[in-house]
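One-letter residues, chain by chain:
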Amino acid sequence: MALTRGARLGPYEIIAALGAGGMGEVYRARDPRLDRDVAIKILPAAFAADADRVARFQREARTLASLNHPHIGGIHGIEDADGVTALVMEMVEGEDLAERLARGAMPLDDALPIARQIAEGLEAAHEQGIIHRDLKPANIKVRPDGAVKVLDFGLAKALEPVTAAGGDVMASPTITSPAMTQMGRILGTPAYMSPEQAKGRQADKRSDVWAFGAVLYEMLSGQRAFKGDDIADTLAAVLRQDIDWTALPASTPASVRRLMARCLDRDVRRRLRDIGEARIVLDDPSATVLADAGGVAPAPPQPLWRRAIPVVLCAIVTGLLGGAAAWYLKPPPTPAVTRFPLTLPEGQAFSSTGSLRHLLALSPDGTQVVYEANSRLYLRSMSQLDATVIQGTEGYQTVTEPAFSPDGRFVAFYALADQTLKKIAVTGGAAVTICQADNPIGISWELDGTIVFGQGGKGIMRVSENGGTPDVLVAVKDGESAYGPQILPGGQHVMFSLATGTARDRWDRADIVVQSLTSKTRNTIIEGGGSDARYLPTSHIVYARGGSVFAVAFDVEQMRLTGDPVKMVEGVRRSAGGTTGTAHFSVSSTGSLIYIPGPVSAGWALLEIALIDRKGEVERLMLPTGPYVMPRVSPDGSRIAFGTDDGKEAIIYVYDLSRASAMQRLTGLNSRFPTWTSDNRTVAFQSDREGDLAIWRSAVGGTAERLTKPEPGTSHVPESWSPKGDTFLFSVTKGSDVSLWTYSLPDRKAAPFGEVHSSNPTGAMFSPDGRWVAYSSTERSRTTIYVQPFPATRAIYQLVAKGSDNPHAAVWSADGKELFYNPRPQGFEAVTVTPTPTSLEFGNPVKVPRPFQTGPSSLLRDYDIAPNGRFVGRFVGLIPAGQAESNTPLAGQIQVVLNWFEELNARVPPGK
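Residues numbered from 1 in each chain as written. Predicted model: local features only at pLDDT ≥ 70, side-chain atom pairs only at ≥ 80, totals over all residues. Heavy atoms only, no water.

Caption draft 1: Summary view of the overall build of the chain. Looking only at helices and strands, one finds eleven helices and 59 strands in the chain. Counting all 912 residues of the chain, 54% fall into the buried class. A fraction of 50% describes how many contacts in the chain between residues 6 or more apart in sequence connect residues 24 or more apart. Entry remark: accessible area of the chain is about 39300 Å², with carbon and sulfur atoms responsible for 52%. (Helix = DSSP H or I, 4+ residues; strand = E, 2+ residues; numbered from the N terminus. Buried < 20%, exposed > 50% of the residue type's maximum accessible area, 1.4 Å probe, protein only. Contact = heavy atoms within 4.5 Å. Areas by Shrake-Rupley, 256 points an atom, 1.4 Å probe, with all protein chains shown as cover.)

Caption draft 2: Spotlight on the sheet that holds strand β15 (residues 399-404). Across the sheet, which stays open at both edges, the four strands sit in the order β15-β16-β17-β18 with antiparallel pairing between neighbours. Unpaired on one side and paired on the other, β15 and β18 (432-436) mark the two borders of the sheet. Across this sheet, the average inter-strand angle for adjacent strands is 25 degrees, counted without regard to direction. Sheet topology note: the β15/strand β16 (residues 410-415) ladder contains four bridges and is antiparallel. Looking across to β16, one finds that V399 is bridged to A415. (Pairing = 2+ DSSP bridges. Axes fitted to C-alpha atoms, helices over the stretch in contact; angles between N-to-C directions.)

Caption draft 3: Structural view of the nonpolar core. Among the nonpolar cores identified, the biggest contains 60 residues, and I118, F212, L216, M219 and L259 are the most heavily contacted of them. Those residues within four positions of I118 in sequence are excluded, and the remaining contacts are L135, I140, V148, V150 and F212. By size, the runner-up hydrophobic cluster in this structure holds 28 residues, among which are V618, M765, L819 and Y863. (Core = buried A, V, L, I, M, F, W, Y, C linked by side-chain atoms within 4.5 Å.)

Caption draft 4: Spotlight on the confidence of the model for the chain. Model confidence for the chain is summarised by a mean pLDDT of 81, while 82% of its residues fall at 70 or above. Low pLDDT (under 50) marks residues 161-188, which in the prediction has 62 contacts with non-local residues, meaning those over four places away or in another chain. This stretch, residues 324-329, has a pLDDT under 50; its non-local contacts, to residues over four places away or in other chains, come to zero contacts. (pLDDT = per-residue confidence, 0-100.)

Caption draft 5: How the structure looks around the side chain of T234. Here T234 lies in helix α7 (residues 231-240). Relative accessible area serves as the criterion here: at 0%, T234 is assigned to the buried category. Once residues within four sequence positions are removed from consideration, T234 is found in contact with P190, A191, R224, F226, K227, G228 and L385.

This is the structure in structure tokens:
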């Protein structure tokens, strides 16, 4: 149940959402009776339908409420309202320990006082017979004054389902995978779960001792004691993995090391039996020795012969000093390069895997990943299993280009809704506007507190992180586009990608340049080789070409290359259609790499044309893979016209569905936007030679005939033919203005259609009966679908699609009773259309599976529907080569490579 600000739950007024997890949603609320803020945890909906669970939870909660300790988050009561069960808890300010550890290891002087307070809280609970069962950094709050509060005491047990007869298994509030519920009950979070819990056995206070040891280890080392790629691997690590004690700082007292070893003993009989003993050790780590039996005791006096041993060994030690010194001076072992995927949770998807802008970023210290999904930003710590939404990034249509601040505490991003750059704390809150930004491409947050970004044809812009009006850092000439700037060490030079022209492969042929900020001298360091370059602290430059990332050694003092490029990574997702230079990868200054997997070649080059039914089932056509665009089905459903565009050559082909023959070339070079006439033999298209519009009189050969000749600086694009075949719609583009026109074949005359104006292609289409025209219009960055009668009158009907970001790319169903459209990136919906005597009515949107993808422009209609024939009602669309024949799109995934610098330095000797 999602609550909004101002909503009430009993006497409590909701102020803001704080987060959500396996144990429910948490909100900040106001208690008007006692004039205080409280935290309200809305328990999972399954409780409302299970009276036994609610009753047992209430009994457990009364016991938990008896805990009254300065280091335990208190429970104020239970609230039942409108079928919702909620726990009212103490509102604890400050960050949780997980947020603190996301920034790395803690100094000893900070970590040990926190650990001692945790131990005090656990000790007080254990004395009352209450076990936490799910102790982890996220359940430990550190207030601004340094006081520690342990939260969610006993909730893992309180929320446990009632055991059914026959030993039915159940999932924990934290672990929900069915694989985790095979034997007994498993309660807790895998990385901090004791071995007995991992095996589904009974937990007692020694399980909390284990978790305490794991938390203390992570505070001091900055890494989890037990790590795995997924839940199963993590549980296996808990049961078998050796702990890397060398990760602890050398200054860690021996007594603290022994304490952690005792806490993390897998043999529960040998494990530290009482957390109070840990509290005693932490009271004075330098003066306390933990005894082997689990107690605290002074060391017993040694026998005389033992005290003589040092004297006897002195000579031996002296003889070994040389060898020991050599051993200690050995270089440390090379860290292993580790690769693993992070799969987006169910229900999350990148807004568009072919996005024109970056969708993810890695924090400078490599501990945090931020990525875009479902039109908002998510944050995932490398030490956590789950990602959390960054509250405050919703409602901006699309949020892209995330960039961490140098200290990792903030993220800058581009908000499409109001075309601004914003920044927000990684913990969430109110997003702060930095500046207006028209279509920024590539953002870098610099050490000096400035933010630089590309502005296409305007050049490279610079603005303060505190906001203001951007100034032009680097100007470009007409026809040039600048992308992805980065200030190089020393602050006197900026590196960026520079493309010219409009060809689809211009970013693969772009220059990577370095320009002096003082003399304005520009030096091309990589000519025609790629884009999206980044300088690394290893003295390398990495950049993208096609679907690969290359690296080359670079002397930052001389501003020159010192070696040859080497291909380092293959299969990185690129911008769809090569529209921008974006490559979806990010590198931390500590040596980690993340990227979104994609085709080995450019993202638009490997596509297949397929037939797709209403359920999303895919049937590939017998065609080779290629850079396909805009498939269009003939009116009788027997043939498909489509384009190929590899950035150099744009050609239109025809494929016969009825005979599954080889594709036939229809046009010469520079031909785009095929559109069938009603006679099934004629195809209109745009010729790029002069931006004009022409037709082929036969779809199997013949000569072309020019129909229109645009003015200089204007282009004509065919849109749709009327069912009668006497009129077609075409759009006229002049600068940033797109208008819709009709062309009458009998009269050979063109005229505007109504008052249709847009800043993007309209995608206009006649209805099957020829009475209506559906089209898209983009104004002030908002795209909407409209329907007008034909011939045009003053009547205009807008499709209001709830939940849609920018509905566009509409196509009529074969019977004319529905409109299909893209409501948002990667979405697809249908809505009924019902004419009445006086108006046009739209039904409620219905989601439709959509395995096919958008092409070079997300606003162009890169799919069609068969109006007649054997395949009537089926969609014809483009799918990535190798995609599974299923209605399930490719899973959203982020590939992670730890210690990547080891591989980089080995394969590409660094520059100066």
